[in-house]
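# Chain and residue survey
Letter by letter, the chains look like this.
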Amino acid sequence: MPVAVGLLGAILPALGWFPPLGEYHFSFQPFVDFFAQPGLRRSLYLSLSVGLLATFLSYWLAMFLLAILYGQGRAGFLFRLISPLLSVPHITIAVGFLFLLQPSGWLSRLFSPWLTGWQRPPNLNIVPDENAFVLVLALIAKELPFLLLMGLSALSQIKVRPLLDTAASLGYGPLAGWMHLVQPQLAARLRLAVLIVMVFSISVVDMAILLAPSTPAPLAVRILTWFRDPDLSYQFIAAAAAVMQLACALLACIIWVGTDKAILFLIARLSAAGQRFSRLPSSFVSALKKGGVILAVWPCAMACFGMLAALIWAFADIWRYPSALPDEWGLNAWKYAYISLGQATLNSLVLGLVTAAICVSLALLWLQTETAKGDKHAERLIYIPLLLPQIAFLFGMQILLIWLGFDGLFLALIWAHSLFVFPYVMLSLAPTWRRFDARYLAIAATLGAGPLRRFLAIKLAMMTLPVLTAFAVGFAVSSALYLPTIFASNGRVMTLTTEAVTLAAGAGRQNLGIASLMQMALPLCVFLICDRVARVRLARFSFFKL
């Protein structure tokens, strides 16, 4: 319902009907004005190319890693290495790439002047680049771990080892067996997750503000600019652009689904022909495996080095170019950052904890009371906010909040965050919760325990680890939300994410580094606390050895 109201609040102004500005007649003039905007074709191209390229590379690199490492039992180890990136907000990844790849960034400093000869930062357009390739790299670094997590979860539902053994008995190698038997099943189970990644990549705003070109910017960034324009006539152009953003996301999803079906059809034809790829030289296959792993790990490694550069800036008093490390370390910047970032940190912490607690409670209520059939269809509706561009319906939601008198309230902000946190909590918690062995509850019932006691003392106690994991995921998602915070709070509530975007526009690097450090620290602390609580709570039970 909130999404439907939000879409209606964007579609009606796009058709010229917007009573708050005195427009009571429908027309296509907003679309005429929208298509007359300069650089529009370039903005559409950037949005589509970034979304399709980032999703395509993230998905196939994740599939390649799973195909190579899952059978060797090393996929879990690889995921543990890059899984910390899951808890890092998107804007922090973007800031890390900015600190690393700018002409005066850390990468340039490490190789100057001994290799490059540079004594001053070079005049190069590296970040942001005109084709937004750095934005694509940053999106891969963020979405690849997510798709790996979804892939490992999906593989737990597939009998991978028997399938690969059967393929091997018929003369197929590990990669060929995976392609013929595992990949088609895996692709079907990951379609929702891939579409979520696609929609986010094509409409991302906070990362694009830092890493994408600004003349012109991708469509989602321009929509936000038009919404904020003091000339209220641009509200109609922004509404028309929001509808166009929705159409672009739909087009990208259609392209992806069509391409996916074509690839699966090709795999089916190769399977029917008995193609084993046995003629490929072993040296070529080995080089292909190593190259695939390097290509997959490279963006994640760049993200980690970028975040390390942000950490260094947080404790640097003086850092002249081309020094590889600060000339003077210190905490002078923290004195001023406390004033500007203290309230934002507190807001992010309270907002994340409250939103995560509410969403986990609602998820437990949903899962505990669901029926076998009816709730499956209703559950699909909760993923709608993830399958639509945020900019396409948040403006309409803001109009609703203003009409109700709730805009700018902390309660409205919690509600807006819950729309996006709840689906991720369900994705994290539902599979494990539904695999719970009901025989434990039956035994408790025979011992006289009532429904409430069975839920609290047996099921919830045994599900402590998944519930705490879902809570930590919910907090991480809340701490990363940018557009919902901007629209629901009407700019009155600061969070670390909104402050990081503001600081990146021209503030000192020390303050931006401190904001990035706090953004990394809050979700990490929540994850560590949840892990510690689970270990202490379950350590005395051999069933829960962690």
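Refer to the preceding data block for the structure.
Keep in mind it's a predicted model, so treat the numbers as computed, not measured.

Definitions and limits used
Residues numbered from 1 in each chain as written. Predicted model: local features only at pLDDT ≥ 70, side-chain atom pairs only at ≥ 80, totals over all residues. Heavy atoms only, no water. Helix = DSSP H or I, 4+ residues; strand = E, 2+ residues; numbered from the N terminus. Expected span 1.5 Å × (residues − 1). Bend = angle between axes of the 7 residues up to and from the residue. Buried < 20%, exposed > 50% of the residue type's maximum accessible area, 1.4 Å probe, protein only. Contact = heavy atoms within 4.5 Å. Patch = residues over 30% accessible without salt bridge, like charges linked within 9 Å, V, L, I, M, F, W, Y side chains within 5 Å. Areas by Shrake-Rupley, 256 points an atom, 1.4 Å probe, with all protein chains shown as cover. Salt bridge = Lys/Arg side-chain N within 4 Å of Asp/Glu carboxyl O. Axes fitted to C-alpha atoms, helices over the stretch in contact; angles between N-to-C directions. Parallel < 35°, antiparallel > 145°, perpendicular 65-115°, else oblique. Left-handed = near helix turned anticlockwise from the far one by under 90°. Nonpolar A, V, L, I, M, F, W, Y, C, P; charged D, E, K, R; others polar.

### Points about helix 9 (residues 174-189)
For helix 9, which comprises 16 residues, the first-to-last C-alpha distance of 21 Å matches the rise-based estimate of 22 Å (1.5 Å per residue) to within 8%. Along its length, helix 9 shows its largest kink, about 50°, at Val182, and proline Pro184 lies within four residues downstream of that point. Where helix 9 is concerned, the buried positions are Ala176, Gly177, Trp178, His180, Val182, Gln183, Leu186 and Ala187. Residues of helix 9 that are buried sit in contact with helix 3 (40-69), helix 7 (133-155), helix 8 (160-169), helix 10 (191-203) and helix 13 (234-272).

### Concerning a nonpolar patch on the surface
On the surface, a nonpolar cluster with roughly 590 Å² of combined accessible area is contributed by Leu346, Leu349, Val350, Leu353, Val354, Ile358, Leu362 and Leu365. You can call Ile358 partly exposed: its relative accessible area is 35%.

### Side note on the pattern of salt bridges
If the charged atoms of two oppositely charged side chains come close together, the side chains can form a pair. This structure, assessed with the given rule, holds eight salt bridges. Across the pair Arg320 and Asp327 runs a salt bridge, and its minimum N-O distance is 3.9 Å. With relative accessibility at 37%, the residue Asp327 sits in the partly exposed group. A salt bridge links Arg535 to Asp531; its shortest N-O distance comes to 3.0 Å. Highlighted residues: Arg535 and Asp531, both in helix 25 (residues 509-538), separated by four residues, approximately one helical turn.

### Section: the packing of helix 3 against helix 7
The packing of two helices is summarised by the inter-axis angle and the distance between the axes. Viewed as axis vectors pointing N to C, helix 3 and helix 7 meet at an angle of 40°, and their least axial separation amounts to 8 Å. Taken together, the axes of helix 3 and helix 7 lie oblique to each other. Viewed along their axes, helix 3 and helix 7 form a crossing whose handedness is right-handed. In contact with Val50, Leu53, Ala54, Leu57, Ser58, Tyr59, Leu61, Ala62, Leu65 and Leu66 of helix 3, helix 7 contributes Phe133, Leu135, Val136, Leu139, Ile140, Glu143, Leu144, Leu147, Leu148, Gly151, Leu152 and Leu155. Residue composition of the contact of helix 3 with helix 7, by class: 19 nonpolar, two polar and one charged.

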